[in-house]
Amino acid sequence: MGCYNSCVIDKNIDEVWSTVRNFHDMSWAKGVIENLEIVGAKKGDQVGAGRLLNGVFHETLLELDEDECMIVYSIDEGPDVLSGGAVKGYRGVLQLSPITVGSGTFVEWSSSWRTDKQGVAEFCDPIYVALLSAMKDHFK
């Protein structure tokens, strides 16, 4: 099971990556992420860094690949259908790629998980759509 969303941002990949690569900084996501609390002592570019988004999404950085411009993270606990261990192995992936004909950055945000419960995709998908819209707005 999973979600997949993408967008194109009319900025070069280096500029977009330098803005989104810090796991502890989602200031670009205005209107979606109202509060980000750093959890633990790891820096935002170190595997194992933790964060709490909007007081309910507990996430951990699993991978930060500078060459591939990719962030992989887990959601360890969350609200509604993500609460109480109902979802196992939740992995989110934010991947940037350069547009090769013309300019800009192709942004993909995907996630996968295991669960017997219904409604995870319906809950998560609008959040990713909103995050990508906020990212596009940030670079206008």
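Refer to the preceding data block for the structure.
Residues numbered from 1 in each chain as written. Predicted model: local features only at pLDDT ≥ 70, side-chain atom pairs only at ≥ 80, totals over all residues. Heavy atoms only, no water.

### Re the packing of aromatic side chains
The description of an aromatic ring pair rests on the distance of the ring centres and on the angle between the ring planes. Going through the model one piece at a time under the given rule, you end up with five aromatic pairs. Centroid distance phenylalanine 57 to phenylalanine 123: 6.4 Å. Interplanar angle 35°. Geometry classified as tilted. Placement of the pair is phenylalanine 57 in strand β4 (residues 57-65) and phenylalanine 123 in helix α2 (residues 120-138), with a sequence separation of 66 residues. Relative to tryptophan 113, the ring of tyrosine 90 has its centre 5.3 Å away and its plane inclined at 5°; by these criteria the two rings are stacked. Remark: tryptophan 113 occurs in strand β7 (residues 105-114) and tyrosine 90 occurs in strand β6 (residues 88-98); sequence separation between them is 23 residues. With respect to burial, tyrosine 90 and tryptophan 113 carry one shared label: buried. By way of ring pairs, the aromatic residues Trp28, Trp109 and Tyr128 are connected into one cluster. Sitting above the plane of the phenylalanine 23 ring, arginine 51 keeps its charged end 3.7 Å from the centroid. (Phe/Tyr/Trp six-rings, centres within 6.5 Å; stacked < 30°, edge-to-face > 60°. Helix = DSSP H or I, 4+ residues; strand = E, 2+ residues; numbered from the N terminus. Buried < 20%, exposed > 50% of the residue type's maximum accessible area, 1.4 Å probe, protein only. Lys NZ or Arg CZ within 6 Å of the ring centre and 35° of its normal.)

### Topic: the pattern of salt bridges
Per the counting criterion, the structure on display carries four salt bridges. Between glutamate 66 and arginine 21 there is a salt bridge, with the nearest N and O atoms lying 2.4 Å from each other. In this pair, glutamate 66 sits in the loop between β4 and β5 (70-77) while arginine 21 sits in the loop between α1 (13-20) and β2 (36-39), placing the two residues 45 residues apart along the sequence. The salt bridge partner of lysine 140 is aspartate 137, with a shortest N-O separation of 3.4 Å. Residues participating in the shared-partner salt-bridge network are Arg21, Asp45 and Glu66. (Salt bridge = Lys/Arg side-chain N within 4 Å of Asp/Glu carboxyl O.)

### A look at α1
Every buried residue belonging to α1 is among Ile13, Val16, Trp17, Thr19 and Val20, and all of these are buried. Seen end-on, α1 carries its buried residues on one side only, within an arc spanning 160°. Counted as exposed and oriented over 90 degrees from the buried face of α1: Asp14 and Ser18. Where α1 is buried, its residues contact β1 (2-9), β4, β5, β6, β7 and α2. In this structure asparagine 12 caps α1, since a side-chain oxygen of it lies 3.0 Å from the backbone nitrogen of aspartate 14. (Arc of directions from axis to C-beta. Contact = heavy atoms within 4.5 Å. Polar contact = N/O pair within 3.5 Å; in protein donor to acceptor, adjacent residues only side chain to side chain.)

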